[in-house]
Amino acid sequence: MQQPYETGGADARTRVLVVDDDPTVAEVVAGYLDRAGYAVDRADDGPAALARAAAHWPDLVVLDLMLPGMDGLEVCRRMRGHGPVPVIMLTARGDEDDRVLGLEVGADDYVTKPFSPRELVLRVESVLRRTRPATGTRVLSAAGLTVDPAARRATKNGTELALTLREFDLLAFFLLHPGRAFGREDLMREVWGWDFGDLSTVTVHVRRLRGKVEDDPARPRLIQTVWGVGYRFAPDGGQES
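Rules of the game
Residues numbered from 1 in each chain as written. Predicted model: local features only at pLDDT ≥ 70, side-chain atom pairs only at ≥ 80, totals over all residues. Heavy atoms only, no water. Helix = DSSP H or I, 4+ residues; strand = E, 2+ residues; numbered from the N terminus. Buried < 20%, exposed > 50% of the residue type's maximum accessible area, 1.4 Å probe, protein only. Contact = heavy atoms within 4.5 Å. Areas by Shrake-Rupley, 256 points an atom, 1.4 Å probe, with all protein chains shown as cover. Salt bridge = Lys/Arg side-chain N within 4 Å of Asp/Glu carboxyl O. Axes fitted to C-alpha atoms, helices over the stretch in contact; angles between N-to-C directions. Parallel < 35°, antiparallel > 145°, perpendicular 65-115°, else oblique. Nonpolar A, V, L, I, M, F, W, Y, C, P; charged D, E, K, R; others polar. Pairing = 2+ DSSP bridges.

Q: Explain the overall build of the chain residue by residue, including any values.
A: From N to C terminus, the chain includes eight helices and 12 strands. In the chain, buried positions account for 49% of the 241 residues. The long-range fraction of contacts in the chain, counting pairs at least 24 apart against all pairs at least 6 apart in sequence, stands at 57%. Element-wise, carbon and sulfur atoms account for 49% of the exposed surface of the chain, whose accessible area totals about 11600 Å².

Q: Account for the pattern of salt bridges, with residues named and values stated.
A: Evaluation of the coordinates by the stated rule reveals 15 salt bridges. One salt bridge in this structure joins Lys 113 and Asp 64, with 3.5 Å as the shortest N-O distance. Taken together, the residues span a long stretch of sequence, with Lys 113 in the loop between β5 (109-112) and α5 (117-131) and Asp 64 in strand β3 (residues 60-64) at a distance of 49 residues. Glu 167 is the salt-bridge partner of Lys 212, the closest N and O atoms lying 2.7 Å from each other. With Lys 212 in helix α8 (residues 200-213) and Glu 167 in helix α6 (residues 165-176), this residue pair connects regions lying 45 residues apart in the sequence. Assessed through its relative accessible area of 25%, Lys 212 is described here as partly exposed. Put simply, Asp 20, Asp 64 and Lys 113 are held in one network by salt bridges that share partners.

Q: For the packing of α6 against helix α7 (residues 184-192), give the residues involved together with the corresponding values.
A: Interaxial distance between α6 and α7 falls to 10 Å at its minimum, and their mutual angle equals 110°. Here α7 runs roughly perpendicular to α6, going by the angle between their axes. Across from Arg 166, Asp 169, Leu 170, Phe 173 and Phe 174 in α6, the residues of α7 making contact are Leu 187, Glu 190, Val 191 and Trp 192. By residue class, the composition of the contact of α6 with α7 is six nonpolar, no polar and three charged.

Q: An account of the sheet that holds strand β4 (residues 87-91) is requested, with residue identities and associated values reported.
A: With parallel pairing, five strands are arranged side by side in an open sheet as β2-β1-β3-β4-β5. One side of each edge strand has no neighbouring strand; the edge strands of this open sheet are β2 (39-43) and β5. For this sheet, the mean angle separating the axes of adjacent strands, direction not counted, is 20°.

Here you go:
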């Protein structure tokens, strides 16, 4: 992986890059984030977003899915090629396929337009809070998997795993609670910190995580489906319920 672009400037505030071709949406979002204490950069298309990131690597990106020329999925892929960065995807439609696409490419969260700017600020705070290194948290290990919450590093049989923010948190949660079954509502509350939301978010992240930690994702043995309940981490690789 390439190294992230250089950060620069004297402003030490947390930097958020807002990418949206609708100037009204971008202005409102940027205004709310600025009042919340963030340093805000703006871009109205994919190339401009990549150029802004090159000049000042952001701490988080609020990224519209539907952009002219280069869509948000491609922008997300290219940014992630330069370094890890949390992404909140904006989609203009309530179509589940759009939301799943954003999550599949590695977005950490999504918000469907029209949305409350206050809610978006809360989502930004939630995602950023989870990116900060944990302190005093023990290293977790099971079934060849090791998660170091303080270093935000996860490995499988000694090989580092390329996990998104939410995938990392989900794996750490499973390792903390081996053998216990959790519903998707439980996981959304405990891992995402949400009391409500689209449960397909959990489904997509479990599928993506299985693709990175299972020997055969099509026949998962570690992250098991418990029918009628949700999911369970089984370090011994026992049979699914």
